[in-house]
Amino acid sequence: MVHSGLVKELARECGFEISGIARAVPSPDSDRYSQWVARGMAGTMGYLTDRRAHVRSDPKLLLPAVKSIICVGALYNTRAPSPEGIGNRELGWISRYAWGDDYHDVLRSGLTTLATRLQAVEPFEFKICVDTAPLLERSYARDAGLGWIGKNTCLINQPLGSWFFLGEILTSLELEPDSPPPDRCGTCTRCIDACPTEAIVPSADDYALDARLCISYFTIESRDAIPEAQRTKIGPHIFGCDICQDVCPWNRKAPFSEEPHFQPSNFAPPLEKLAHLSGEEFRLLFSGSPVIRSKYAGFLGNVAIAMGNSGAAKFRDPLEKLAKSPDPTVAEHALWALGKLNKEG
């Protein structure tokens, strides 16, 4: 018979550092999510606001027979391969989660193995979810005891920090649920104070992430030109942002992952090299990486802004080329970057 202790034992054997069980009931956070959507904080991310927003209100809409949610976390904190990549403004900064292979495939594989091993003990209905499924996964991960949701809206585990990918198995098994840990952010506001674009905003008696101000949203999700007022604040970021996690005190002693799929293959690449990539070269360089999500034109536009923020005169030539791009957003970003370099001499 499957029990919660066996689930956690097998989850660790399948590569998940943390795991727990949550009840498969509507989350109290559903109302907060609806209010967040109503305030327009999802920006243009339609997959968060369309009919799938309603599906997030109840896990039974994903699996009618569900009774328990097995929640897992895979640590992705890996060592930077070269310290000179940090702070060098002639290099493009890629968010840590995208240094290695696409985590969706890695987590789905691990969850499939976990479900298969559990089914060998006792048959049950199940559905595997990674973050593409319409499920309030951080809320259920908190309920499963994996951590609390911090002011930066990341799930934080007290001994291990916040560098985790989350995944779930919705199951018809009746499992003993875990309890949520206490919120240990206290009066700390380091993530709020450090965010260059002030994207972490007050919300009722807590905080919310306004995607419309987030560097990750600008450099990954949005297909529009980045607002001019925000471009300087983006600095060298070309895909995502880790600032609110980098400054979190709970990450000071975060362990490193040895998972081969998460090890860095595209860490802080030279901006000049990136500016000259063809569409095919972009796809080959970032094949199997989350960076592909930004699309070729969006990526070049991000590179142009990072070049403008670098202050390096050597980027004028590649920016002149990007300014002639047939894509209007790439051209706009490149012209802005040239203007910034010219002003700075």
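*Asks:* What is the right way to read the nonpolar core from this model?
*Replies:* Side chains that are nonpolar tend, in soluble globular proteins, to be buried together. Core analysis: the largest hydrophobic core is formed by 105 residues, its most contacted members being Ile70, Leu114, Leu118 and Leu319. Filtering out sequence-adjacent residues up to four positions away, Ile70 remains in contact with Val7, Gly20, Ile21, Leu114, Leu118, Gly167, Glu168, Ile169, Thr171 and Leu175.

*Asks:* Would you take a moment to explain the sheet that holds strand E2 (residues 68-75) for this structure?
*Replies:* The pairing of strands in a sheet comes from backbone hydrogen bonds and takes either a parallel or an antiparallel form. Spatially, the 4 strands line up as an open sheet ordered E1-E2-E7-E4, and their pairing is antiparallel. The sheet is open, and its two edges are formed by strand E1 (18-23) and strand E4 (126-129), each paired on a single side. The average angle at which neighbouring strand axes cross in this sheet is 20°, direction not considered. For E4 and strand E7 (residues 164-171), the ladder comprises 4 bridges, and the chain directions are antiparallel. Bridged to Lys127 within E7 is Leu170. On the sheet, helix H1 (residues 4-13) packs against E1 and E2 and is oriented at approximately 145° with respect to E1. Running at roughly 35° to E7, helix H4 (residues 103-119) makes contact with E2, E4 and E7 of the sheet.

*Asks:* Please clarify how the packing of helix H12 (residues 296-310) against helix H14 (residues 328-343) should be interpreted in this entry.
*Replies:* For any two helices packed against each other, one specifies the inter-axial angle together with the distance between the axes. H14 packs onto H12 with a crossing angle of 5° between their chain directions and a minimal axis gap of 8 Å. By the criterion of interaxial angle, the relationship of H12 to H14 is roughly parallel. Contact residues: H12 offers Ala297, Leu300, Gly301, Asn302, Ala304, Ile305, Met307, Gly308 and Asn309, while H14 offers Val330, His333, Ala334, Trp336, Ala337, Lys340 and Leu341.

*Asks:* It is not clear to me how the pattern of salt bridges should be interpreted in this structure. Could you clarify?
*Replies:* Pairing of side chains with opposite charge becomes possible as their charged atoms draw close. Throughout the structure, instances matching the rule amount to 13 salt bridges. Across the salt bridge formed by Glu332 and Arg231, the nearest N and O atoms sit 2.6 Å from each other. Of this pair, Glu332 sits in helix H14 while Arg231 sits in helix H8 (residues 228-231); the two residues are 101 residues apart in sequence, bridging distant segments of the chain. In this structure, a network of salt bridges that share partners links the residues Asp29, Arg142 and Asp143.

*Asks:* In this structure, what is going on with the packing of aromatic side chains? I would like to understand it.
*Replies:* The relation between two aromatic rings is expressed through the spacing of the ring centres and the mutual angle of the planes. If you walk through the whole model with that rule in mind, you get 17 aromatic pairs. Seen from their ring centres, Phe282 and Phe286 are 5.5 Å apart, and the 55° between their planes marks the pair as tilted. Among the residues examined, Phe286 registers a relative accessible area of 0% and is labelled buried. Put simply, the rings of Tyr76, Tyr97, Tyr103, Trp163, Phe165, Phe239 and Phe262 pair up and form one aromatic cluster. In this arrangement the basic side chain of Arg96 is found over the ring face of Trp163, its NZ or CZ atom lying 4.2 Å from the centre.

Criteria and thresholds
- Residues numbered from 1 in each chain as written.
- Predicted model: local features only at pLDDT ≥ 70, side-chain atom pairs only at ≥ 80, totals over all residues.
- Heavy atoms only, no water.
- Core = buried A, V, L, I, M, F, W, Y, C linked by side-chain atoms within 4.5 Å.
- Buried < 20%, exposed > 50% of the residue type's maximum accessible area, 1.4 Å probe, protein only.
- Contact = heavy atoms within 4.5 Å.
- Pairing = 2+ DSSP bridges.
- Helix = DSSP H or I, 4+ residues; strand = E, 2+ residues; numbered from the N terminus.
- Axes fitted to C-alpha atoms, helices over the stretch in contact; angles between N-to-C directions.
- Parallel < 35°, antiparallel > 145°, perpendicular 65-115°, else oblique.
- Salt bridge = Lys/Arg side-chain N within 4 Å of Asp/Glu carboxyl O.
- Phe/Tyr/Trp six-rings, centres within 6.5 Å; stacked < 30°, edge-to-face > 60°.
- Lys NZ or Arg CZ within 6 Å of the ring centre and 35° of its normal.

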